[in-house]
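Next come the chains, spelled out residue by residue.
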Amino acid sequence: MKVRVQVVIESAAGEPTDVHEIACIQRDELQPDTVGLTLDEAKTVLERIQQRIVEQHVTEYLQTQSCCPHCGTKRYHKGTHTVRLRTLFGKLRLKSPRFYHCQCQPHPTRTFSPLAERLPERSTPELRYLETKWASLMSYGMTAKELSINKWINRNSSREWSLGSSI
Ligand SMILES: [Zn+2]
């Protein structure tokens, strides 16, 4: 058996615009230790799905920020830096452009970074909630370990597993 996991991005009209390979899972004979996903496989699939969903969401948000909302003039691009976002399903590195403010309105600064301003905490509320909740129940070290995402699959696993090449 071979199962491919993909993320399909659709337009507002429902047409697929982009397909991302997430993983390819192969299994041979059905055995108790080969049925379903391992915890590491599930975490990795979720991490890669999270990366694609967030990247698409960020891309669409930044498209709405590329022009001045007052006069419609395209904003000048000053540069790009990286924003790190911690989520329940992994740490993400996101490209974050910096724009010059349009001169049609007064602004306290000459430039701004819409993504950095939109995600000031650099972590999702769900992750912060669980970190706080778990920290009240166990040590910080155990909390960090339990909430971390393992990037690599256990090499001793008898299951065949590969990650998408487009990641
Ligand atoms: Zn303007």
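Keep in mind the model is a prediction, meaning the values are calculated, not measured.

About the thresholds
Residues numbered from 1 in each chain as written. Predicted model: local features only at pLDDT ≥ 70, side-chain atom pairs only at ≥ 80, totals over all residues. Helix = DSSP H or I, 4+ residues; strand = E, 2+ residues; numbered from the N terminus. Contact = placed C-beta atoms within 7 Å. Pairing = 2+ DSSP bridges. Buried ≥ 20, exposed ≤ 12 C-beta atoms within 10 Å, placed from the backbone. pLDDT = per-residue confidence, 0-100.

A. The overall build of the protein, seen in detail. Assigned secondary structure in the protein consists of four helices and six strands. Along the protein, helices (α) and strands (β) appear in the sequence β-β-α-β-β-β-α-α-α-β when read from the amino end. Expressed as a percentage of contacts within the protein between residues at least 6 apart in sequence, the contacts between residues at least 24 apart total 56%.

B. Quick look at the sheet that holds strand 3 (residues 77-87). Read from one edge of the open sheet, three strands run 3-4-5, paired in antiparallel fashion. Taken across any chain shown, the strands that pair with only one partner, and hence form the sheet edges, are strand 3 and strand 5 (111-112).

C. The environment of Val-83, seen in detail. Its place among the elements puts Val-83 in strand 3. For Val-83, a count of 16 C-beta atoms within 10 Å gives the class partly exposed. When the C-alpha atoms of Val-83 and Ala-116 are compared, they prove to be 6.7 Å apart, with 33 residues separating the residues in sequence.

D. Main features of the pairing of strand 1 (residues 2-10). By the criterion of burial, strand 1 is predominantly exposed, with just zero of the nine residues buried. Pairing geometry for strand 1 and strand 2 (residues 16-26), over nine bridges, is antiparallel. By the bridge assignment, Gln-6 is partnered in strand 2 with Glu-21. Counting the residues that bridge the hairpin from strand 1 to strand 2 gives five residues, and of these Gly-14 lies at a positive phi of roughly 90°.

E. Quick peek at unusual backbone geometry. Located in the positive-phi region is Arg-122, a residue other than glycine, with phi close to 60°. Along the chain, Arg-122 turns up in the loop between helix 2 (114-118) and helix 3 (125-135).

F. Structural context of the pairing of strand 4 (residues 90-100). Judged from the ten bridges that link them, strand 3 and strand 4 form a sheet pairing that is antiparallel. By the bridge assignment, Gly-79 is partnered in strand 4 with Arg-98. The hairpin turn running from strand 3 into strand 4, its antiparallel successor, is two residues long. Of the strand pairs in this sheet, strand 4 and strand 5 are connected by two bridges, and their pairing is antiparallel.

G. Representation of the confidence of the model for the protein in the model. In this model, the protein carries a mean pLDDT of 87, and residues with pLDDT of at least 70 account for 87%. Counted against residues more than four places away or in other chains, residues 149-161, with its pLDDT under 50, gives 21 contacts.

H. Up close: the environment of Tyr-61. Within the element layout of this structure, Tyr-61 appears in helix 1 (residues 39-64). Under the C-beta neighbour-count criterion, Tyr-61 is labelled partly exposed, with 13 such atoms within 10 Å. With 54 residues separating them along the chain, Tyr-61 and Leu-115 place their C-alpha atoms 8.2 Å apart.

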